[in-house]
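Coordinate analysis (summary)
Chain by chain, the residues run as shown.
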Amino acid sequence: MAEATVKKHGPDLSAAVKDALLSGLIALGLFGPLVGLRTEQNIRNELVVQGRWGLLASVIAVIIVGRFLLLTLVWPAMAARKERVTPAEAPSPVRQTLSRWFAPASLIFLFLYPAIVVSLLGFQGSLKWVDNFGIQILIYVMLGWGLNIVVGLAGLLDLGYVAFYAVGAYSYALLSTHFGFSFWILLPMAGIFAALWGIMLGFPVLRLRGDYLAIVTLAFGEIIRLVLINWRDLTNGSSGISSIPKITLFGIKFDASPTGFAKMMDLPVSSAYYKIFLYYLILLLALLTAFVTIRLRKLPVGRAWEALREDEIACRSLGINTTNTKLTAFALGAMFAGFAGSFFAARQGFVSPESFTFMESAIIVAIVVLGGMGSMVGVALAAVAMIGGTELLRELAFLKTIFGDNFNPDQFRMLIFGLAMVGIMIWKPRGFVSSRQPTIFLAEKKAIAGTLVKEGHG
Amino acid sequence: MDVFLQQLINGITLGSIYGLIAIGYTMVFGIIGMVNFAHGDVFMTSAFIALIFLLVLTTVLGISSMILALILVMVIAMVLTSLMSWAIERIAYRPLRGSFRLAPLISAIGMSIVLSNFVQVAQGPRNKPIPPILSGGIEVMNTNNFAVTISYKQILIWVVTAVLLAGFWYLVQKTSLGRAQRACEQDRKMAALLGVNVDRTISLTFVMGAALAAVAGTLFLSYYGVVNFSDGFVPGVKAFTAAVLGGIGSLPGAVIGGLLIGLIETFWSGYFSIDYKDVAAFSILAIVLIFMPQGLLGRPEVEKV
């Protein structure tokens, strides 16, 4: 391909044109049938094909122009930059200071976030921003941090993490609707149940390594989902469990009743209080996850996890019980998923197996890996970017004025998510925050670049 | 006995389709040690390509011979799916070769999301039914008003699978491409030193896997008569189960594993519970990986320091 010549002599225009046209030809083969011909059912329920040549032509034109720009502008610029910066270098002092202050600053922002939104948009206007963005993102931050213990610290790729989330959600849904237990009793119980499931599933599979472990956890995740769908007596099948009780604050309900929160505080009735309460609750739960993880990294078991991630064979020869070490990581990660699951069930008021598909697991794994495995700040950033970014797509109503009324940006949500996953992997395989903060150091605490860390065979 | 025979026939048919997909998994895993997670969605996309060209050939161009149309559709689907798989390997996997362990797997999961959502956006989320093709069949035996039949579609699937597998076996065992592939599988660095173009060989591996997946996609479409954008995941996982069961990296293993998974699935649905048939497949995957990770015909994994 033309890359090699570009690096040496600068952009070679005729080669770039040829290459771009060739890409256009390939794109014609790739997108021709699937974009150019759409199958639709007519009135007699027969499939007919309709040509969409205009759309096809614009897709191919975009690819040709994009490839041409890549060859002539982007890649030479990147190659020039690469020559200036030597790889595997530790982050510069400025960036280190920045990253030191980033976490406390964002923490303060998170605590003030509902107040800022309410003061800007009023109680009604704030609902969407607190609920769809704040709570939604924080649930994924918490799940990401929980999975970070398993994937980021212990180096075990778990593609069935959503199963424990489901266990937590269904524990709360079933026990609260059938026995009327309160959220505050069921929250720890959901965590314990999920952890027990983690141990039960983890015990047989944890001697597997790498990709095999990933696939078995995927299988377990799917089995749990399929059981939830088919065990109709207990779980009500795919129609799910509805009218799950809400969370109360020391017995105070968030409703319009005389004993409700609004009446007691002499405030106008609004559903925003409950959302803000939920926001702070999930924020505290997420911070609990972070706190436990940070503390555990400094304990022997945390160090054993990270050692295990780097080199399992060395761990075994040093006498670390690998099964127990892996099992604790698995169970702890599952426990936090259980907490998040019971919160999810209480927040939605409804659970169904639809919420626990493999796609959810893939999203959580993507957040952990894209954030830079093991980095708490990176995982949080990835959750904000991936979940917040795709939520934002729902808001892009102005695109309808450009592309017409049939254009629905929401349907591109997962497509863009997938493209971002691939793109970030190619651009930064180590994730957003690829430097590592060692927990044990000589004289001076210093972050090291992720490329210096060898990821073992897990 | 009659139910048994009918389920056996159905199971072999389903198993042939799984076997064809499983070869793509097993070859890619054998040569670069990566679970090509997007392979199930490549299969689904190929079924859509087949659907579109089947409609174009029969309704727009007016080809009346169904066999001719199917053969043409199969060839077109093979070519386009191979191109797609080549492009995917080039864009999403090749830059990550030599990167850290989980990177290609994550990229493949991303690609799988991209493919299924791309098809959903481009072709719509509804089921796509086609008019029945090649209806009818041969009645094998008839006891107590239960007729055991082999439909013409099933015969077509058996014949196509058998012919393709024979051709494929020849390609891998007897040609220089197959030799290069097996060399890369054993030791990529050494193969490169001896003048094998490793990148090209890996690309061709993806292309061959995709071509077989395209055949499976066309057969799947003609057998079930309906396809949906979400049809990639479960057949993909089952085919991967087949590859693991047969011993990942082993080509005959993939076919035998595919047949076994197809048989287990149909017998499970026939005799136990159709609701839990996917649970059965996933459980087999877990059990095989835990107790017999080398599979039926695979080599035991050697732990290297």
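The model shown is predicted, which means the values in this text are computed figures rather than measured ones.

1. Some details on the overall build of chain A
If you tally the helices and strands in chain A, you get 17 helices and two strands. The buried share among the 458 residues of chain A stands at 41%. Residue pairs in contact within chain A that sit at least 24 positions apart in sequence constitute 73% of those at least 6 positions apart.

2. Examining the pairing of strand β3 (residues 146–151) of chain B
All names here are of chain B. Relative to β3, strand β2 (residues 137–143) runs antiparallel, the two sharing six bridges. Along β3, the bridge assignment pairs Thr-143 with Phe-146. Turn length for the β2-β3 hairpin, with the two strands adjacent in sequence and antiparallel, is two residues, and the turn residue Asn-144 shows positive phi of about 45°.

3. Overview of the interface of chain B and chain A
Listed by partner, the interface residues are 53 residues for chain B and 48 residues for chain A. Among the secondary structure elements, those contributing two or more residues to the side of chain B that touches chain A are α2 (39–60), α3 (66–93), α4 (103–123), β1 (128–129), α9 (233–246) and α11 (277–291) of chain B. No other element matches the 15 residues that α4(B) contributes to the side of chain B that touches chain A. Grouping the amino acids of the side of chain B that touches chain A by side-chain chemistry returns 42 nonpolar, seven polar and four charged.

4. Observations concerning the environment of Phe432(A)
Residues and elements named next belong to chain A. With respect to the helices and strands, Phe-432 occurs in the segment after α17 (413–427). The exposure class of Phe-432 is partly exposed, given the 17 C-beta atoms found within 10 Å. The spacing of Phe-432 and Val-369 is 63 residues in sequence and 8.8 Å in space, taken between C-alpha atoms. Look past the residues within four positions of Phe-432 in its chain and what remains in contact with it is Leu-370, Gly-371, Gly-372, Gly-378, Leu-381 and Ala-382.

5. What about helix α14 (residues 358–371) of chain A?
Residues and elements named next belong to chain A. The terminal C-alpha atoms of α14 lie 20 Å apart, and with 14 residues this matches the ideal 20 Å at 1.5 Å per residue to within 8%. Along α14, twelve of the 14 residues are buried, which leaves the element largely enclosed by surrounding structure. Glu-360, Ser-361, Ala-362, Ile-363, Ile-364, Val-365, Ala-366, Ile-367, Val-368, Val-369, Leu-370 and Gly-371 are the residues of α14 that are buried. A positive phi of about 100° marks Gly-372, the residue just after α14.

6. Considerations on the confidence of the model for chain B
All names here are of chain B. When the pLDDT values of chain B are averaged, the result is 84; 98% of them are 70 or greater. Mean pLDDT across the secondary structure elements of chain B bottoms out at β2, with 74, and peaks at helix α8 (residues 198–224), with 90. Interface scoring of the predicted complex returns ipTM 0.84; its pTM is 0.85.

7. Brief notes about the packing of helix α1 (residues 2–32) of chain B against α9(B)
All names here are of chain B. Between α1 and α9, whose axes approach to 8 Å, the crossing angle comes to 70°. On the basis of their axis angle, the class for α1 and α9 is roughly perpendicular. Listed contacts from α9 to Tyr-18, Gly-19, Ile-21, Ala-22, Tyr-25 and Thr-26 of α1 are Pro-235, Gly-236, Lys-238, Ala-239, Phe-240, Ala-242 and Ala-243. Within the contact of α1 with α9, the residues separate by chemical class into nine nonpolar, three polar and one charged.

Reading the values: the criteria
- Residues numbered from 1 in each chain as written.
- Chains lettered and ligands numbered in written order.
- Predicted model: local features only at pLDDT ≥ 70, side-chain atom pairs only at ≥ 80, totals over all residues.
- Helix = DSSP H or I, 4+ residues; strand = E, 2+ residues; numbered from the N terminus.
- Buried ≥ 20, exposed ≤ 12 C-beta atoms within 10 Å, placed from the backbone.
- Contact = placed C-beta atoms within 7 Å.
- Pairing = 2+ DSSP bridges.
- Nonpolar A, V, L, I, M, F, W, Y, C, P; charged D, E, K, R; others polar.
- Expected span 1.5 Å × (residues − 1).
- pLDDT = per-residue confidence, 0-100.
- Axes fitted to C-alpha atoms, helices over the stretch in contact; angles between N-to-C directions.
- Parallel < 35°, antiparallel > 145°, perpendicular 65-115°, else oblique.

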